[in-house]
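Each chain, letter by letter, is given below.
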Amino acid sequence: MKILYLEDDIALSETIEEFLEDEGFEVISVKDGQKALDTIYTQNFDLFLLDVQVPKINGFELLKSIKEANIQTPAIFTTSLNSIDDLSKGYEYGADDYIKKPFELKELLFRIKAVLKREFKTNSHIIKIDENINFDINTHELTIDNEVHTLNQKESSLLKLLLKNKNQCVTFDMIFEYVWTFDEQNNHDSLRTYIKNLRKYLGKDRIKNIKKQGYIFE
């Protein structure tokens, strides 16, 4: 899981980054809101961990901008602001959780895991795409109106990547890095075939092509 961490306190940032990396997360740390925004538009993340009082763009305004851009990645605020108005503003702008400084590292970890678990609605291996379609990430099976269709490995990996980043553009580079192994030769023709197969099951309108960039799952 990949986390964007916005914190201008260098010592705290290094402590949190080291702790989370020891717990198996990939952490990209930035020190100001503008750098965070630029990074968010060039990379995909599973979680935003945001301080509020940071230079250039504060955490509240940053998350507001992100949500207005229809980026639905979950977010947790870490801040010394503790008034009920600040708490209300954080949730109003789209935060999934709000943790007050100072906090224990284990508490932060518990909250991160809870938010990520909710992001997939359940800790089950079944992802509900809509009322009639379920996807089992372990068996690579799509169940559509009670009819089971088994995806191949690359189709399954591609669908997982698209679902994890729903309503966001998944770039060609991200797809080739995630779906193909390092020693395989990737190519756009094969990718188009996998997309065509997924559209056959899910509908053409669900997976849209973003010209010269990648695909988006709506």
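Quick note: structure is the one above.
Residues numbered from 1 in each chain as written. Predicted model: local features only at pLDDT ≥ 70, side-chain atom pairs only at ≥ 80, totals over all residues. Heavy atoms only, no water.

1. Section: the overall build of the protein chain
Note the threshold: Helix numbering and strand numbering both begin at the N terminus, where a helix is a DSSP run of H or I of at least 4 residues and a strand a DSSP run of E of at least 2. Note that the radius of gyration is over C-alpha atoms, with the globule rule given as 2.2 Å times the number of residues to the power 0.38. A 1.4 Å probe rolled over the protein chains alone gives each residue an accessible area, and that area as a share of the maximum for its type sets the label: buried under 20%, exposed over 50%, partly exposed in between. Whether two residues touch is decided by their heavy atoms; if any such pair falls within 4.5 Å, the residues are in contact. Counted as positive: Lys and Arg. Counted as negative: Asp and Glu. His and the chain ends are not counted at all. In plain terms, the charge of a residue is placed at NZ if it is Lys, CZ if Arg, CG if Asp and CD if Glu.
When you go through the protein chain residue by residue, the secondary structure sums to eight helices and twelve strands. Compactness check: the protein chain gives a C-alpha radius of gyration of 19 Å against a globular reference of 17 Å for 218 residues, within 12% of the reference. In terms of its C-alpha atoms, the protein chain occupies a principal-axis envelope of roughly 50 × 35 × 35 Å. For the protein chain, the proportion of its 218 residues judged to be buried stands at 44%. Sequence-distant contacts, at least 24 apart, represent 54% of the contacts inside the protein chain between residues at least 6 apart. Placing the 29 positive and 38 negative side-chain charges of the protein chain at their respective mean positions leaves the two points 6 Å apart.

2. Quick word on helix 7 (residues 172–179)
In an α-helix, one turn spans 3.6 residues, which is why side chains three or four residues apart end up on the same side. For helix 7, every residue scored as buried is listed here: Phe 172, Met 174, Ile 175, Phe 176 and Val 179. Elements that come into contact with the buried residues of helix 7 comprise helix 6 (153–164), strand 10 (169–171), helix 8 (188–202), strand 11 (207–210) and strand 12 (214–217).

3. Some details on the nonpolar core
To be explicit about the condition: We define a nonpolar core as any set of buried Ala, Val, Leu, Ile, Met, Phe, Trp, Tyr and Cys residues linked to one another through side-chain atoms lying within 4.5 Å.
In terms of nonpolar packing, the biggest core is built from 27 residues, with Leu 158, Leu 159, Leu 162, Ile 175, Leu 191 and Leu 202 touching the most fellow members. Those elements that place two or more of their residues in this core are strand 7 (133–136), strand 8 (141–144), helix 6, helix 7, helix 8 and strand 12. Contacts of Leu 158, omitting those with residues within four sequence positions, involve Ile 175, Val 179, Leu 191, Tyr 194, Ile 195 and Leu 198. Membership of the second largest hydrophobic core comes to 23 residues, among which are Leu 6, Val 30, Leu 37 and Leu 81.

4. A closer look at the packing of aromatic side chains
Spelled out, the test is: When two rings of Phe, Tyr or Trp (its six-membered ring) have centres within 6.5 Å they constitute a pair, described as stacked for plane angles under 30 degrees, edge-to-face for angles over 60, and tilted for the intermediate range. Counting as a charge over the ring demands two things of the Lys NZ or Arg CZ atom: a distance within 6 Å of the ring centre and an angle within 35 degrees of the ring normal.
Applying the stated rule across the entire model yields seven aromatic pairs. Ring plane angle 85° and centroid distance 5.0 Å describe the contact between Phe 60 and Phe 77, whose orientation is recorded as edge-to-face. Of the two residues, Phe 60 sits in helix 3 (residues 59–68) while Phe 77 sits in strand 4 (residues 75–79), which places them 17 residues apart along the sequence. Judged by relative accessible area, Phe 77 falls into the buried class, the value being 1%. Here Phe 77 and Tyr 98 contribute two aromatic rings whose centre-to-centre distance is 6.2 Å and whose plane-to-plane angle is 70°, an arrangement assigned as edge-to-face. On the criterion of sequence distance, the pair formed by Phe 77 in strand 4 and Tyr 98 in strand 5 (residues 97–100) is long-range, its members being 21 residues apart. The buried category is assigned to Tyr 98, whose relative accessible area is 5%. An aromatic cluster is built from Phe 60, Phe 77, Tyr 91 and Tyr 98, whose rings are joined through pairwise contacts. In this structure, Lys 2 packs its charged tip against the face of Phe 45, placed 5.2 Å from the ring centre.

5. Notes on a negative patch on the surface
For the record, the criterion: Each patch is built from salt-bridge-free residues with over 30% relative accessible area, joining like charges within 9 Å and nonpolar side chains (Val, Leu, Ile, Met, Phe, Trp, Tyr) within 5 Å. Only the protein chains shown count as covering a residue, and every accessible area follows the Shrake-Rupley method with a 1.4 Å probe. Salt-bridge detection follows one rule: a side-chain nitrogen of Lys or Arg within 4 Å of a carboxyl oxygen of Asp or Glu.
A cluster of acidic residues, Glu 14, Glu 18, Glu 21, Asp 22, Glu 23, Glu 26, Asp 173 and Glu 177, forms a negative patch on the protein surface. Elements supplying a minimum of two residues to the negative patch: helix 1 (10–22) and helix 7. Residue contributions to the negative patch peak at four residues, all from helix 1.

6. Examining the sheet that holds strand 4
Heads up, the rule is: The pairing criterion is simple: DSSP has to find at least two bridges between the two strands. Where helices are involved, their axes are fitted lines through C-alpha atoms of the stretch in contact, as for all axes, and angles between N-to-C directions lie from 0 to 180°.
Ordered by their spatial adjacency, five strands build an open sheet running 2-1-3-4-5, and the pairing between neighbours is parallel. The strands lining the two open edges of the sheet, one partner per strand, are strand 2 (26–30) and strand 5. Here the average twist between neighbouring strands, direction ignored, is 20°. In the packing of helix 2 (residues 33–40) onto the sheet, contacts are made with strand 1 (2–6), strand 2 and strand 3 (47–50), and the angle to strand 1 comes to roughly 160°.

7. Brief notes about the sheet that holds strand 6 (residues 126–128)
With antiparallel pairing, the four strands of this open sheet are ordered in space as 6-7-8-9. Looking at the sheet topology across the chains shown, the edges are occupied by strand 6 and strand 9 (147–150). Averaged over all pairs of adjacent strands, the angle between strand axes in this sheet comes to 20°, irrespective of strand direction. Looking at chain direction, strand 8 and strand 9 are connected through four bridges and run antiparallel. Each bridged residue has a counterpart across the sheet, and for Thr 143 the counterpart in strand 9 is Val 148. Helix 6 rests against strand 6, strand 7 and strand 8 of the sheet, and its axis sits at about 115° to strand 7. Lying over the sheet, helix 8 contacts strand 7, strand 8 and strand 9, oriented at roughly 30° with respect to strand 8.

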